Amino acid sequence: MRTPFLLPTVSRRRFLSHLGAVGALAVAPRRLFAAEGTGDRKLGVALVGLGSYSSGQLGPALKLTKLCRLAGVVTGSPEKGRRWAKDYGFPETSIYGYDTMQRMADNPDIDIVYVVTPNALHARDTIAAAKAGKHVICEKPMAVSVAECDAMIAACQAAKVRLSIGYRLHYDPFHEELRRLARTQEFGPFMKMDGGFAFTMGSKVWRAERKWAGGGPLMDLGVYVMQEACMATAATPVAVTALERPKQRPDFFVDVEESLDWTMEFANGAKAACYTSYNDNRNDFRAEAKDGWYQVGPAYSYNGLRAATSRGPVDVAPLKSQQALQIDGFARAILDNQPSLVPGEMGRRDLSIIEAIYASAAAGGKRIEVEA
Ligand code: NAD
């Protein structure tokens, strides 16, 4: 079985109090019995937003999941919804618009709502799903501010539903090996880390607009590198420093960063040097300890990952779909009344790191402490 999410050292008390609120024991027995009482019925998932990630990854993954199936959609295009209903075999009555999500409350076929809209809409859609009494998976980044994360956690807590983040790499075996090494400390603690995730953005989309994305590549790609350093240390950084690189295409990246370097500093003295960009090419992570190292690259892709340690290549069984494992992992947590491996509190932690990174970059690289 997978290991539970390791509690961040700095925000442990707050994290535990959140877990107590939205975690295993706080979930209403009524909902758990409903899920357990489904017999062989798979838990129904409704995708909110039928863009490229839903079409290319999550829909196909829901054909591979053992515990879930696609049972509905939320879309601005009824015609697209009808196509999905036909392709995935759910009734047209399970097609909703963004403004009619509250009607899902009457639909027992839908147990989990998976929010896959632009970042600035995650809070709106997560809160609507919680109000309809559905468990939620929300894509990364969880939202565009810590304040929004708090509102989302509170809404799920009030509705007694569970909230999980689409951090698929926690279910990938190469990354599971990094978490295992962090837990067992076989090489000693990882003290020196280096990683980057970058690609060149060709056409202008919502991802390059602050209004929809909340920021630039840090929100979209950098979050993976941050996650990796937190996995390697099993901790939350205490402070960050960040510097934005000069823009090569300032007309394209008008109100968001194009490229950003930042460091994360941990309580035990460990440091991670991180990089992200929408005008470059990186996909790697390396962690060094006194008695060994781990590295992965490609590190953050859906497939084709490769990892090695100072002992040799990391050998894992081929994986069909990170997303299928991730969605089934959340379903298993609901059915077993266990905490999610990637709960809302983890998404909130990452937004608090992101806010500190942006504050440091705005202050010309000043060291900023990460708020718990
Ligand atoms: P996309 O642009 O392809 O799709 C976004 C969807 O939201 C579209 O169906 C669009 O119609 C809908 N939408 C609703 N209101 C909108 C509005 N006001 N403006 C624009 N679109 C609107 O984006 P995507 O690549 O599918 O990303 C969606 C979310 O999924 C993002 O939060 C992204 O970070 C996340 N994502 C995660 C992964 C991962 O590996 N975990 C990969 C890709 C995307």
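Residues numbered from 1 in each chain as written. Predicted model: local features only at pLDDT ≥ 70, side-chain atom pairs only at ≥ 80, totals over all residues. Heavy atoms only, no water.

### Re the side chain of Asp-172
Here Asp-172 is to be found in the loop between strand 6 (163-165) and helix 7 (173-184). With residues up to four places along the chain from it excluded, the contact list for Asp-172 reads Leu-305, Leu-319 and Gln-322. (Helix = DSSP H or I, 4+ residues; strand = E, 2+ residues; numbered from the N terminus. Contact = heavy atoms within 4.5 Å.)

### Describing the pairing of strand 7 (residues 192-198)
For strand 7, the tally of buried residues reaches five of seven residues, placing the bulk of the element in the interior. Relative to strand 10 (residues 271-277), strand 7 is paired through seven bridges, and the arrangement is parallel. Looking at the pairing, Gly-195 lines up with Cys-274 of strand 10. Pairing analysis gives seven bridges linking strand 7 to strand 11 (residues 282-289), with the strands arranged antiparallel. In the sheet register, Asp-194 faces strand 11, and the bridge partner there is Arg-286. (Buried < 20%, exposed > 50% of the residue type's maximum accessible area, 1.4 Å probe, protein only. Pairing = 2+ DSSP bridges.)

### What to know about the nonpolar core
If you look at the biggest cluster of nonpolar residues, it comprises 86 residues, and the most contacted ones within it are Trp-262 and Met-264. Ranked by residue count, the leading element in this core is helix 9 (residues 217-233), at 11 residues. Setting aside anything within four residues of it in sequence, one finds Trp-262 in contact with Leu-218, Gly-222, Val-225, Met-226, Thr-241, Ala-242, Ala-272, Ala-273, Cys-274, Tyr-275, Thr-276 and Ile-357. Counting residues in hydrophobic clusters, the runner-up holds 24 residues, among them Val-45, Leu-70, Trp-84 and Phe-330. (Core = buried A, V, L, I, M, F, W, Y, C linked by side-chain atoms within 4.5 Å.)

### Thoughts on the sheet that holds strand 8 (residues 239-244)
The strands making up a sheet associate through hydrogen bonds between their backbones, and the pairing can be parallel or antiparallel. Pairing is mixed in the open sheet, where nine strands are placed in the order 14-13-12-11-7-10-9-8-15. What marks the edges here is a single partner per strand, and that holds for strand 14 (312-313) and strand 15 (368-369). In terms of strand pairing, strand 13 (residues 307-309) meets strand 14 through two bridges, oriented antiparallel. Across the sheet, residue Ala-308 finds its bridge partner in strand 14, namely Pro-313. Its contacts with the sheet put helix 7 on strand 11, strand 12 (292-296) and strand 13, and the angle it makes with strand 12 is roughly 155°. On top of the sheet, helix 11 (residues 344-362) reaches strand 8, strand 9 (259-265) and strand 15; it is set at about 50° to strand 8, its chief contact. (Axes fitted to C-alpha atoms, helices over the stretch in contact; angles between N-to-C directions.)

### Some details on the side chain of Glu-257
Note on placement: Glu-257 falls in the loop between strand 8 and strand 9. Arg-210 is the oppositely charged side chain nearest to the buried, salt-bridge-free Glu-257, at an N-O distance of 4.7 Å. Polar side-chain contacts of Glu-257 include one of 3.1 Å to the backbone nitrogen of Gly-216. A polar contact of 2.8 Å, which involves the side chain of Glu-257, links it to the side chain of Tyr-358. (Lys, Arg positive; Asp, Glu negative; His and termini not counted. Salt bridge = Lys/Arg side-chain N within 4 Å of Asp/Glu carboxyl O. Polar contact = N/O pair within 3.5 Å; in protein donor to acceptor, adjacent residues only side chain to side chain.)

### Concerning the site of the ligand
Near the ligand there are 22 residues, and of these Ser-52, Asn-119, Lys-140, Arg-168 and Trp-206 occur at the shortest range. Leu-50 places a main-chain nitrogen or oxygen 3.2 Å from an oxygen atom of the ligand. Interatomic distance of 3.2 Å between a backbone N/O atom of Thr-117 and an oxygen atom of the ligand. Summarising the interface, the protein chains cover 79% of the accessible area of the ligand, which totals 840 Å² for the free molecule. (Near = heavy atom within 4 Å. Areas by Shrake-Rupley, 256 points an atom, 1.4 Å probe, with all protein chains shown as cover.)

### What about the packing of helix 9 against helix 11?
Viewed as axis vectors pointing N to C, helix 9 and helix 11 meet at an angle of 110°, and their least axial separation amounts to 10 Å. Judged on the interaxial angle alone, helix 11 and helix 9 are roughly perpendicular. Where helix 9 crosses over helix 11, the two elements pack in a sense that is right-handed. Across from Leu-218, Met-219, Val-223, Met-226, Gln-227 and Cys-230 in helix 9, the residues of helix 11 making contact are Met-346, Arg-349, Asp-350, Leu-351, Ile-353, Ile-354, Ile-357 and Tyr-358. For the contact of helix 9 with helix 11, a count of residues per class yields 11 nonpolar, one polar and two charged. (Parallel < 35°, antiparallel > 145°, perpendicular 65-115°, else oblique. Left-handed = near helix turned anticlockwise from the far one by under 90°. Nonpolar A, V, L, I, M, F, W, Y, C, P; charged D, E, K, R; others polar.)

### Let's talk about helix 11
With 19 residues, helix 11 extends 27 Å from end C-alpha to end C-alpha; this agrees with the ideal 27 Å at 1.5 Å per step. Taking burial as the measure, the 19 residues of helix 11 include 16 buried ones, the bulk of the element. Residue Gly-364 follows helix 11 closely and has a positive phi angle near 70°. (Expected span 1.5 Å × (residues − 1).)

### Here we look at the pattern of salt bridges
As enumerated under the stated definition, the model contains 18 salt bridges in all. Between Asp-220 and Lys-140 there is a salt bridge, and its shortest N-O distance comes to 3.0 Å. Taken together, the positions of Asp-220 in helix 9 and Lys-140 in the loop between strand 5 (135-138) and helix 6 (146-159) put the pair 80 residues apart, joining distant regions of the chain. When its relative accessible area of 8% is taken as the criterion, Asp-220 is described as buried.

### A short note on the pairing of strand 1 (residues 43-48)
Burial within strand 1 is extensive, with six of its six residues counted as buried. Here strand 1 shows no split at all, with Leu-43, Val-45 and Leu-47 on one side and Gly-44, Ala-46 and Val-48 on the other all buried. By the bridge criterion, six bridges tie strand 1 to strand 2 (residues 68-74) in an arrangement that is parallel. Within the sheet, the bridge partner assigned to Leu-47 lies in strand 2 and is Val-73.

### Describing helix 4 (residues 78-88)
For helix 4, every residue scored as buried is listed here: Gly-81, Trp-84, Ala-85 and Tyr-88. Seen end-on, helix 4 carries its buried residues on one side only, within an arc spanning 105°. Exposed residues lying more than 90 degrees from the buried face of helix 4 are Glu-79, Lys-86 and Asp-87. Among the structural elements, strand 1, helix 3 (52-61), strand 2 and strand 3 (95-96) are those in contact with the buried residues of helix 4. Trailing helix 4 by a residue or two, Gly-89 shows a phi angle of about 70°, which is positive. (Arc of directions from axis to C-beta.)

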